[in-house]
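If you want the building blocks of each chain, they are given just below.
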Amino acid sequence: MTRTKQREIKLFFLIALPLAIAALGMLWTTSRMLDGVSESVDRQEQSRTWQAVRSAFASAEERLTGTVTDNAHWDDAAKQSYGPIDNKWMYDAWGVGTADINYDTIYVVDPQGNDIVSYRNGEKFTLPSRDYFGDALRQTLGSLPNDNSTFAVITTLVNTPNGLAVMAAAPILPTNGDIKIPAARANVLILASSITADALARMSRQYIVDGLSVSPLGTSAATAYLLRDRWGNPVAQASWKARHPGDAARKSYRFSAFATILALIGVMLPISFVHARAISKMGREEERSRIAARHDSLSGLPNRVFLLEELTKQLGSAKTSELALIFVDLDGFKAVNDAYDHETGDNLIRAVAAGLSSLVKGQGLLARLGGDEFAILFGGRDASSRAETMATNILTFVKEPFNIDGRIACIGASVGIAERGDEPLEPSELMRRADIAMYDAKDGGRNRWRRFDATLDLKRSEDVSIAGELRAFVARGEFEVAYQPMVDARTRAIIGVEALARWPKSSQRNLPPDRFIHVAEEHGLIDDLGALILQIACREMSQWQELKLAVNISPLQLNNHNLVPDIKRIAGENGLPLERLEVEFTETVLIKNPRRAKQVIQELQGCGVTVALDDFGTGYASVGYLREYAFDKIKLDRSLTQVIATNTATQQVVQGTVLIAKGLSADIIAEGVETEEEAQLMRLAGCQQLQGYYFGRPEAVATIGTMLDHETAEPAKVMA
Ligand code: C2E
Ligand code: CA
Ligand code: CA
């Protein structure tokens, strides 16, 4: 499965899972709500049914109350009930009615409860009323009024041997006051109507109560409601088939609710899938651009942003573990980039990146900071010693010639190492330290590594103070220049001098030129300092018309577009003909800005200035450079002179260079000649000029004057 697919599936679940959980939650809640609603609906339905059942019984009681009123509050009945009993009348008036549906039992009892007549279901009934109605009869009779002037009816539910019945009792009284009845209490007419199955069925229909039934007390039934007599005593229990309208509603609503939710899920799932894909795509694009923002497009390596992030992370988290940062700056890369095309340069960077990657191989984070700068971040134990080993390996690797598309490129590297000690460090500070260490390696002569220590920082702050003092000197036009003789290799006569800047003696400190020139370059003071040295040298040297004056030009001065006009003006103002002026460039000029170098060289030569290539043999400048830039003079570096006596290979290099220089009609001068032997060997190798302590150290102008005076007095003897 591809990573994209995995990611889409993951995202899908991330979206779908909460949706599914929400849907299940909705289902559950809805279900609980429906349960609640249905229970309450069912409860309402139960109570409604109970009301209906009560109404049904009440209505039966009411009906019987009406019937007993009609029959007991009746003049004829009053006439017939007190005195001798006419059985025929009794039967016709009341006995026949017991076959009817309205009542099924009738008793006429005297106030003591003795039965006078009784019928049931259309026939004479022999069961005594006190047996038929039980205790209820006594209570009923007791409840009737004592006087004969008040008509009243007592109606109640009562248990009989024939089951539950409605009973209504009333005193038999005339409506007409003319009819007299005995002074004692009136006889009582009792009607009863059994609650039969038919009666219950009628009630069920009429009051919409399914399966209404009545059972004796204590019978177990699912829904049993107590039926009470008029005095509040339970007499029976009613039950019915409970209807559950809530249940039905719940079932139908549950179905539609669930169907809706399921439909929602059904719609949501494909939507979440589509969303997952879209989000994943967005995520991929975002990730792609995030990767692009944090990676270098040329080498594919992490870039500065990435490194900084990682550095921040590691500095923030692993407080106790070691951390080392390596900065690698390629030396001579620009030369390759300029000598060939940019594609070759790009391929060289790729080759270096690949080589570094295999060296680092999971030990740390390799990043390209831009241009020809790389960085490696080491974390964990032994980070410091691993960084040192790595630095050595990098130098060995980079020193090997690279074969780029059939072209051989020779480069080097300067490496700086910075570590996190015990004190807390900002990422930018660690990077600054690695950078300083790297520059120190470069200053120290390249192809080496340096570890940052506090003295480098001290050097930095000292640089700032040197720059301040230098600025003040330049502003005052105050500086010193020493002159070192350049002699003819054959006659040993002084043919010129090299002007070398000297830190003014008025200062509290004494600094070598390498140091303050470097500071001047770093702090943007080199143009002004160069102009000042040139001005002093031209002024001091103008007096000796036959002497050449050589001045050093820093590579950075080429950035000044007024360089050539300034040189011409200063020489003119100080009375030095341009033909006497010699300008020395190191090869770094050619490396850093070859096009501009070529232009400046041509312009200077165009106005008669001699152009010399300084320090030849130290760096990467190959013989190819000599052809490319038509130097008038080549200065062989002191390092070659030092070994000429002992090293035959060096002798061959010198001889080869001399041959080429001759072909280009350039002069050759050997620097740093300290012994007679070196002077001889260099001359024999083909150098026309010599320079070094052997012939004279850099001296103040007065000393040069003395030397020249001495020379005229005692002409140099010509060497063989
Ligand atoms: P450079 O241009 O190669 O100058 C020659 C250096 O070699 C001088 O060092 C000189 O004193 C030293 N030297 C000459 N003969 C001998 C010898 O026989 N033995 C030994 N051991 N050393 C010898 P110095 O004066 O310390 O200058 C160092 C560098 O500072 C110069 O190297 C040059 O690159 C730079 N520099 C000096 N003055 C100026 C200046 O005015 N402008 C610029 N841009 N750079 C300057
Ligand atoms: Ca020089
Ligand atoms: Ca030199």
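Residues numbered from 1 in each chain as written. Chains lettered and ligands numbered in written order. Predicted model: local features only at pLDDT ≥ 70, side-chain atom pairs only at ≥ 80, totals over all residues. Heavy atoms only, no water.

Draft legend 1. Here's a closer look at the sheet that holds strand 6 (residues 188-194). With respect to topology, six strands assemble into an open sheet ordered 3-2-1-6-5-4, the strand pairing being antiparallel. Two strands in the sheet have a free side with no partner beyond their single neighbour: strand 3 (123-124) and strand 4 (154-160). Here strand 2 (residues 115-120) runs beside strand 3; their pairing, made up of two bridges, is antiparallel. Residue R120 lies in a different strand from strand 3, and its bridge partner there is E123. Along the sheet, helix 1 (residues 3-72) contacts strand 4, strand 5 (163-171) and strand 6; its crossing angle with strand 5, the most-contacted strand, is approximately 35 degrees. Helix-sheet contacts for helix 5 (residues 135-143) involve strand 1 (105-109), strand 4, strand 5 and strand 6, and the interaxial angle to strand 4 is about 170 degrees. (Pairing = 2+ DSSP bridges. Helix = DSSP H or I, 4+ residues; strand = E, 2+ residues; numbered from the N terminus. Contact = heavy atoms within 4.5 Å. Axes fitted to C-alpha atoms, helices over the stretch in contact; angles between N-to-C directions.)

Draft legend 2. Structural context of the coordination of the calcium ion (ligand 2). Protein coordination at the calcium ion (ligand 2) comes from E498 (OE), N552 (OD1), E584 (OE) and D614 (OD), with a distance range of 2.1 to 2.3 Å. Mapped onto the sequence, the residues coordinating the calcium ion (ligand 2) show the spacing E-x53-N-x31-E-x29-D. Between the calcium ion (ligand 2) and the calcium ion (ligand 3), a spacing of 3.8 Å is present, and a bridge between the two is formed by D614. Within this pair, whereas N552 is found in strand 19 (residues 548-552), its partner E584 is found in strand 20 (residues 581-586), the two being separated by 32 residues in sequence. Taking relative accessible area as the criterion, N552 reaches 32% and is therefore assigned partly exposed. Accessibility expressed as a relative area gives 1% for E584, which makes it buried. (Donors = N, O, S within 2.8 Å, 3.2 Å for Na, K, Ca; no water. Buried < 20%, exposed > 50% of the residue type's maximum accessible area, 1.4 Å probe, protein only.)

Draft legend 3. The arrangement of the packing of helix 10 (residues 342-360) against helix 11 (residues 383-399) in detail. One way to put it is that helix 10 packs onto helix 11 with a least axis distance of 11 Å and a crossing angle of 145 degrees. Of the two elements, helix 10 crosses helix 11, and the hand of that crossing is right-handed. Contact with helix 10, carried on its side by A351, V352, G355, L356, L359 and V360, involves M390, N393, I394 and F397 of helix 11 and no other residues of that element. Partitioning the contact of helix 10 with helix 11 into residue classes produces eight nonpolar, two polar and no charged. (Left-handed = near helix turned anticlockwise from the far one by under 90°. Nonpolar A, V, L, I, M, F, W, Y, C, P; charged D, E, K, R; others polar.)

Draft legend 4. Inspection of the domain arrangement of the protein at higher detail. Split by domain assignment, the protein resolves into domain 1 (3-44 + 247-285), domain 2 (55-239), domain 3 (304-450) and domain 4 (477-719). Distance between the C-alpha centres of domain 2 and domain 3: 118 Å. (Domains from an automatic or database assignment.)

Draft legend 5. Examining empty space enclosed by the protein more closely. According to the stated counting rule, one finds one cavity of 30 Å³ or more in the structure shown. Empty space within the largest cavity amounts to approximately 50 Å³. Taken together, P145, D147, N148, T150, P171, L173, R185, A186 and V188 make up the lining of the largest cavity. Of the residues in the lining of the largest cavity, the class split is five nonpolar, two polar and two charged. (1 Å grid on protein atoms, 1.4 Å probe; cavity = no way out; pocket = protein on both sides within 12 Å on 5 of 7 lines; lining within 4 Å. Points joined across faces, edges and corners; volume = space filled by probe spheres on them.)

Draft legend 6. Spatial organisation of a nonpolar patch on the surface. Together, M26, L264, V267, M268 and I271 make up a nonpolar patch on the protein surface, roughly 390 Å² of accessible area in all. For V267, the position within the fold is in helix 7 (residues 245-293). (Patch = residues over 30% accessible without salt bridge, like charges linked within 9 Å, V, L, I, M, F, W, Y side chains within 5 Å. Areas by Shrake-Rupley, 256 points an atom, 1.4 Å probe, with all protein chains shown as cover. Salt bridge = Lys/Arg side-chain N within 4 Å of Asp/Glu carboxyl O.)

Draft legend 7. Highlighting the nonpolar core. Core analysis: the biggest nonpolar cluster contains 80 residues, and F479, Y483, L549, F585 and L690 have the highest contact counts within it. Broken down by element, this core gets its largest block of residues, nine residues, from helix 15 (residues 526-541). Residues within four places of F479 in sequence aside, it is in contact with L470, F473, A501, R502, W503, P504, F516, L529, L532, I533 and I536. Core analysis: the second largest hydrophobic core is formed by 43 residues, A72, A78, V117 and V235 among them. (Core = buried A, V, L, I, M, F, W, Y, C linked by side-chain atoms within 4.5 Å.)

Draft legend 8. How the structure looks around the site of ligand 1. Ligand 1 sits among 22 residues. The nearest are Q484, A501, R502, E674 and Y693. Note that a nitrogen atom of ligand 1 is positioned 3.0 Å from one of the backbone N or O atoms of A501. Between ligand 1 and the protein, one listed contact pairs an oxygen atom with a side-chain N or O atom of D614 at 3.0 Å. A total of 780 Å² of accessible area belongs to ligand 1 in isolation, and the protein chains cover 83% of it. Taken together, the elements giving at least two residues each to the shell around ligand 1 come down to strand 18 (494-502), helix 14 (513-522) and strand 21 (610-616). Broken down by element, the shell around ligand 1 gets its largest block of residues, four residues, from strand 18. For the shell around ligand 1, the per-class residue count stands at nine nonpolar, five polar and eight charged. (Near = heavy atom within 4 Å. Polar contact = N/O pair within 3.5 Å; in protein donor to acceptor, adjacent residues only side chain to side chain.)

Draft legend 9. Representation of the pattern of salt bridges in the model. Tallied over the entire structure, the rule returns 31 salt bridges. For D76, the salt bridge goes to K79, with nearest N and O atoms at 3.9 Å. Placement of the pair is D76 and K79 together in helix 2 (residues 75-81), with a separation of three residues, close to one helical turn. The exposure class of D76 is partly exposed, given its relative accessible area of 35%. Between D440 and K459 there is a salt bridge, with the nearest N and O atoms lying 3.6 Å from each other. Within this pair, whereas D440 is found in helix 12 (residues 427-443), its partner K459 is found in helix 13 (residues 454-476), the two being separated by 19 residues in sequence. Residue classification places D440 among the buried positions, given a relative accessible area of 13%. Residues joined by salt bridges that share partners form a network here, namely D329, D331, K442 and R446.

Draft legend 10. Up close: unusual backbone geometry. Residues other than glycine seldom take positive phi values, yet N121 does so here, at roughly 50 degrees. Within the secondary structure, N121 sits in the loop between strand 2 and strand 3. N121 gets classed as partly exposed once you look at its relative accessible area, which sits at 44%. In the Ramachandran plot, D615 falls in the positive-phi region, its phi being about 55 degrees despite a non-glycine side chain. Inspection of the secondary structure assignment puts D615 in strand 21.

Draft legend 11. Geometry of the coordination of the calcium ion (ligand 3). The coordination sphere of the calcium ion (ligand 3) contains the protein donors D614 (OD), D615 (OD), E671 (OE) and E671 (OE), at a distance range of 2.2 to 2.4 Å. One chain supplies every donor for the calcium ion (ligand 3), spaced along it as D-D-x55-E. Look at E671 and you get buried, because its relative accessible area is 12%.

Draft legend 12. Region of the structure containing the packing of aromatic side chains. Under the defined criterion, the tally for this structure stands at 20 aromatic pairs. Between the aromatic rings of F397 and F402, the centroid separation amounts to 5.5 Å while the plane-to-plane angle is 80 degrees, which identifies the pairing as edge-to-face. Ring geometry for F479 and W503: centres 6.1 Å apart, planes at 85 degrees, overall edge-to-face. Note that F479 is positioned in the loop between helix 13 and strand 17 (480-488) and W503 in the loop between strand 18 and helix 14, a separation of 24 residues in sequence. The pair F479 / W503 is uniform in exposure class, with both members buried. Positioned above the aromatic ring of F125, the side-chain terminus of R120 is 6.0 Å from the ring centre. (Phe/Tyr/Trp six-rings, centres within 6.5 Å; stacked < 30°, edge-to-face > 60°. Lys NZ or Arg CZ within 6 Å of the ring centre and 35° of its normal.)

Draft legend 13. Representation of the pairing of strand 10 (residues 323-331) within the structure. Here strand 10 lies mainly inside the structure; nine of its nine residues are buried. Residues L323, L325, F327, D329 and D331 line one face of strand 10 and the alternating positions A324, I326, V328 and L330 line the opposite face, and both faces are buried. Sheet topology note: the strand 10/strand 12 (residues 373-379) ladder contains seven bridges and is antiparallel. Counterpart to L323 in the pairing with strand 12 is G379. Across eight bridges, strand 10 lies against strand 15 (residues 412-419) in antiparallel orientation. Bridge assignment links F327 to a residue of strand 15, and that residue is G416.

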